[in-house]
Amino acid sequence: MKNITPFNVYPSLPKNIRALEKIVNNIYWTWDHDCITLFLRIDRDLWESTNHNPVLMLGMIDQEKLEELSKNDSFVAHVARIEKKLDDYLNRETWYQKNCQNGHDFTIAYFSFEYGITECLEIYSGGLGMLAGDHLKSASDLGLPLVGVGLLYQEGYFRQYLNIDGWQQESYPKNDFYNLPITLEKDKNGNPKKIEVEYPGRTVYAQIWKAQVGRVPLYLMDTNIPENNPKDRAITYQLYGGDKETRAIQEIMLGIGGLRVLEAVGVHPDVCHMNEGHAAFLAIQRLINVVKNNGGASIKDALGAVKAGCVFTTHTPVPAGIDTFSPKMITPYLEIFANTIGIPVKELLALGRMNPDDNNEEFNMAFFAIRMSSYCNGVSRLHGDVSRKIWDDVWPGITANEVPISSVTNGVHAPSWISHDMANLFNTYLGTNWQEEQTDETLWEHVNQIPPEELWNTHERRRERLVAFARKKLKEQLERRGASPYNIEKAANVLDPNALTIGFARRFATYKRATLLFKDPDRLRKILLNKKYPVQIIFAGKAHPADEEGKKLIRDIIHFSRDPEIRRRLVFLENYNITLARYLVSGVDIWLNTPKRPMEASGTSGMKAMLNGVLNCSILDGWWVEAFEMAKDVGWAIGSGEDYDDPEYQDKVESNDLYNLLEKEIAPTFYKRGIDRIPWEWIEKMKNTIKYLAHYFNTDRMVLEYNNRFYTSTAERFRHFSDNNLEFAKTYRSCYERIGGAWGGLKINDVISDAKDGIYVSNELEVIANVELGDLTPDDVDVQIYYGQLDFDGNIVDGDAVSMDCVKTEGKNSVFTGKVTSERSGRHGYTIRILPKCYGMIHPYEWYLIHWLQ
């Protein structure tokens, strides 16, 4: 059909409940239980069948039903209460307004390839997206001036279903944007706002949608519009679909297009936060903007300003997980932007290469992001260590522990993941303001006031609801697969609402070792069928469509579960999503996590379980390393944090440890009951896990940490470099060129100390160094003593550095002195090194200059 004129049809809401339109279009409702209750009052079945989509639900409800609701005084009052609550939330004074606005007013743009905000907005696949969604929600709660930027996928990530053999299949239902809690941005004439991005031989257009997440707007690009050819309309079809070139095309739209979207809606960010390397191309658009806005500034000066305003968070624990693009494929795309900037494309390509002179090296998105950012961080303390080892070659000459990649441990948005029942307990015993005070460690001490019986009864209700949900879902799965009536009927009896229930739900990548439990099938069988201590397990998770090994893991679990004796004790629930996750993290007793250490960057699902009083049993990897250090009596650790070279041996050792924990500690503790049938020791652990961990592993703490450590200083640095036609950027570049040009003239001559005689613990060792500075001055350098314990090869291990003072200068020669102390006895050593020093440096390794004593 041609010449069709589209128009929208909206629900005709009676005047006294018209506020519903405002309520459903702010995704604040996703973390307000009272608001969810309001939607359930409208039509519980419709709420479930629309995948918890209030916009679609209002569009499907009969007008007669709406009129009926408008005459229900209780419902009308409920609508008014929610509207007032939303208004109060949006207008109340926030943490940011109280603490940061004096002289620190700035804007943060947060870029992510995926967002997990609510069930019905399916533009997420897993942990990266869930973290991004929770980041926006906490930024809203805290009042940070943050906006989100992403892509609006027509099909999103796939929906999973299994065939009769248990092999994963994928379907791609289309998102109906006009029936989602998002709005199309319009210009003054009422037409959709659009941006354009140049690709080889064509221009691609994207219209802009907005999801309002509390106070935070999330802008999403949609290329599926008539102005584009069919191939370009598909740019925003699928999340993580297609080949490498598809990924590059999408990432150009996210980074280049994303900044152009912000310009189109009047947002001019000081800070650009790249959530993973997917967004790194934003630095190119920022470079274009800086050059254009400063009268054709030099690329070197512009680079300084761009780097000053960017933050990069890596979530990848292995180099193989980083996007890289061949020069042949990526050059035609980057050449367009290099020409706009006015530089050869090889200069742009060099910024994404470890060796800038190697024309065959692939363009590495994470390396490009590191090069273009002031701050880089991993997402847990251990992941920070791993990241420093991955990237230590970027900064030759410094030790791995000094690599300037820090860590900010992930968290979760507590109000979004705590069950309604548990939230009611917290309201009663912690106070109704617990959500605003959740980073206060003393707040959670009030968990002790919750009566054990009340906590246990609340948790048992959640387990009962999980079992009912699992039975219903399993029945639907079997019917869809064409199972026999007998097997479908049996689904009504799977799982025991009173049995110890273990949850394992995550992406089915091989390193996550979903089948570690199956290493010894006979032993697992005995654990599941133990009559005294019965155990049951619920699995869920998706394998990437191209991951054959991950799909095999799922099939193996399905085959094992078909044993007539096992099928009641072990189930796999299809299509792991936010809805299923909510039931699992609040309803199981144990949250199991078995990754190969150290390949779990953080792992946030266990945090969601923890907030609901669920105990974790996990390899000491990701967040659990820090959690288990905070308090031991909060769950169980599999192993002691060992690293192995032989993966088969590792699986054998750790599976055996897991079986021992289940048989000798976890199950006996769960079933240890008094005459009142209450597991007092287990409940004490539930209280401990909330009391000792909840204050830290939440996104309020995480976002505050980003703000206090990175956002504020990055914004100030960006403005400092950008103001007055890049005046400071030019000064800074001049300083770099002067010091860098003279660096080869440095020479460390005589070094004198009494080290040969040794020193006693806590005594000082004075070191004197004669340094030939050439054309530099003492103010240009930081001469340091680098010292520490020696290993068997005579190398300093995890050393420390102390700056020396210049006490004398004659011509080009200067004398520097310094003192060090050692708090441990044994074999120690020291050496001398020189680093550059210039006002404005974010860290001393920024220029990749270092001179060691030869």
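Note that the structure is a prediction, hence the values are computed from the model and not measured. (Residues numbered from 1 in each chain as written. Predicted model: local features only at pLDDT ≥ 70, side-chain atom pairs only at ≥ 80, totals over all residues. Heavy atoms only, no water.)

**Notes on the overall build of the protein chain**
When helices and strands are counted, the protein chain shows 28 helices and 28 strands. For 854 residues, the compact-globule estimate of 2.2 N^0.38 gives 29 Å, and the C-alpha radius of gyration of the protein chain, at 29 Å, lies within 12% of that figure. Projected onto its principal axes, the C-alpha coordinates of the protein chain cover approximately 90 × 70 × 50 Å. When contacts within the protein chain are restricted to residue pairs at least 6 apart in sequence, those whose partners lie at least 24 apart make up 73%. Here the protein chain displays about 35300 Å² of accessible surface, and carbon together with sulfur accounts for 47% of that area. Put simply, the protein chain has 97 plus and 116 minus side-chain charges, and the middle of one group is 5 Å from the middle of the other. (Helix = DSSP H or I, 4+ residues; strand = E, 2+ residues; numbered from the N terminus. Rg over C-alpha atoms; globule rule 2.2 N^0.38 Å. Contact = heavy atoms within 4.5 Å. Areas by Shrake-Rupley, 256 points an atom, 1.4 Å probe, with all protein chains shown as cover. Lys, Arg positive; Asp, Glu negative; His and termini not counted. Charge placed at Lys NZ, Arg CZ, Asp CG, Glu CD.)

**Considering the environment of F728**
Mapped onto the secondary structure, F728 falls in helix α28 (residues 699-742). C-alpha of F728 to C-alpha of A305: the two residues are 423 residues apart in sequence and 9.1 Å apart in space. Apart from residues no more than four positions distant in its own chain, F728 is found in contact with H720, F721, Y839 and G840.

**Digging into helix α26 (residues 647-670)**
Along its length, α26 reaches its greatest deviation from straightness, about 45 degrees, at L662. Of the positions making up α26, those classed as buried are Q650, D651, E654, S655, L658, Y659, L661, L662, I666, A667, T669 and F670. Where α26 begins, the side chain of D646 points an oxygen toward the backbone nitrogen of E648, at a separation of 3.0 Å. (Bend = angle between axes of the 7 residues up to and from the residue. Buried < 20%, exposed > 50% of the residue type's maximum accessible area, 1.4 Å probe, protein only. Polar contact = N/O pair within 3.5 Å; in protein donor to acceptor, adjacent residues only side chain to side chain.)

**Examining a negative patch on the surface**
There is a patch of like negative charges on the surface, built from E437, D440, E441 and E445. Structurally, the position occupied by D440 is in the loop between α18 (420-429) and α19 (452-481). The exposure class of D440 is partly exposed, given its relative accessible area of 34%. (Patch = residues over 30% accessible without salt bridge, like charges linked within 9 Å, V, L, I, M, F, W, Y side chains within 5 Å. Salt bridge = Lys/Arg side-chain N within 4 Å of Asp/Glu carboxyl O.)

**Quick word on the sheet that holds strand β28 (residues 851-852)**
Strand order across the open sheet formed by 4 strands is β24-β23-β27-β28, with antiparallel pairing between neighbours. The outermost strands of the open sheet, each flanked by one partner alone, are β24 (800-803) and β28. For strand β23 (residues 781-789) and strand β27 (residues 828-836), the ladder comprises 9 bridges, and the chain directions are antiparallel. Among the inter-strand pairings, I785 is bridged to a residue of β27, identified as I832. (Pairing = 2+ DSSP bridges.)

**A short note on the packing of aromatic side chains**
All chains considered together, the criterion is met by 50 aromatic pairs. Pairing F721 with F728 gives two aromatic rings, centres 4.9 Å apart and planes at 90 degrees, and the pair type is edge-to-face. No difference in accessibility class separates F721 from F728, as the two residues are buried. Here the aromatic residues F113, Y153, Y157, F158, Y172 and Y240 are joined through ring pairs into a cluster of three or more. (Phe/Tyr/Trp six-rings, centres within 6.5 Å; stacked < 30°, edge-to-face > 60°.)

**Thoughts on the pairing of strand β22 (residues 764-772)**
Only one face of β22 is covered, namely the face carrying L765, V767, A769 and V771; the face carrying E764, E766, I768, N770 and E772 is uncovered. Pairing analysis gives 5 bridges linking strand β21 (residues 747-753) to β22, with the strands arranged antiparallel. Bridge assignment links I752 to a residue of β22, and that residue is I768. Two strands pair when backbone bridges link them, and β22 and strand β26 (residues 813-821) are joined in this way by 9 bridges, in the antiparallel orientation. Within β26, the residue paired with L765 across the bridge is V820.

**Brief notes about the pattern of salt bridges**
Evaluation of the coordinates by the stated rule reveals 49 salt bridges. A salt bridge links D323 to R247, with the shortest nitrogen-to-oxygen separation between them at 3.1 Å. A residue pair is termed long-range when its members are at least 10 positions apart, and D323 in the loop between β10 (310-313) and β11 (324-325) and R247 in helix α10 (residues 244-264) qualify at 76 residues. Each member of the pair, D323 as well as R247, carries the same accessibility label: buried. Measuring nitrogen to oxygen at the nearest pair gives 2.7 Å for the salt bridge that ties E705 to R709. With a gap of 4 residues between them, E705 and R709 both fall in helix α28, about one helical turn apart.

**Observations regarding the sheet that holds strand β15 (residues 500-505)**
A sheet is described by the order of its strands in space; here 6 strands give the open sequence β17-β16-β15-β18-β19-β20, paired in parallel fashion. Each of the sheet's edge strands pairs with one partner strand only, and the pair in question is β17 (570-573) and β20 (635-638). Looking at each pair of strands side by side, their axes are set apart by 20 degrees on average, direction ignored. Bridge analysis of β15 against strand β18 (residues 590-593) gives 2 bridges, and the strand direction is parallel. Along β18, the bridge assignment pairs G503 with W591. Contacting β16 (535-540) and β17, helix α21 (residues 521-528) crosses the sheet at an angle of about 115 degrees to β16. (Axes fitted to C-alpha atoms, helices over the stretch in contact; angles between N-to-C directions.)

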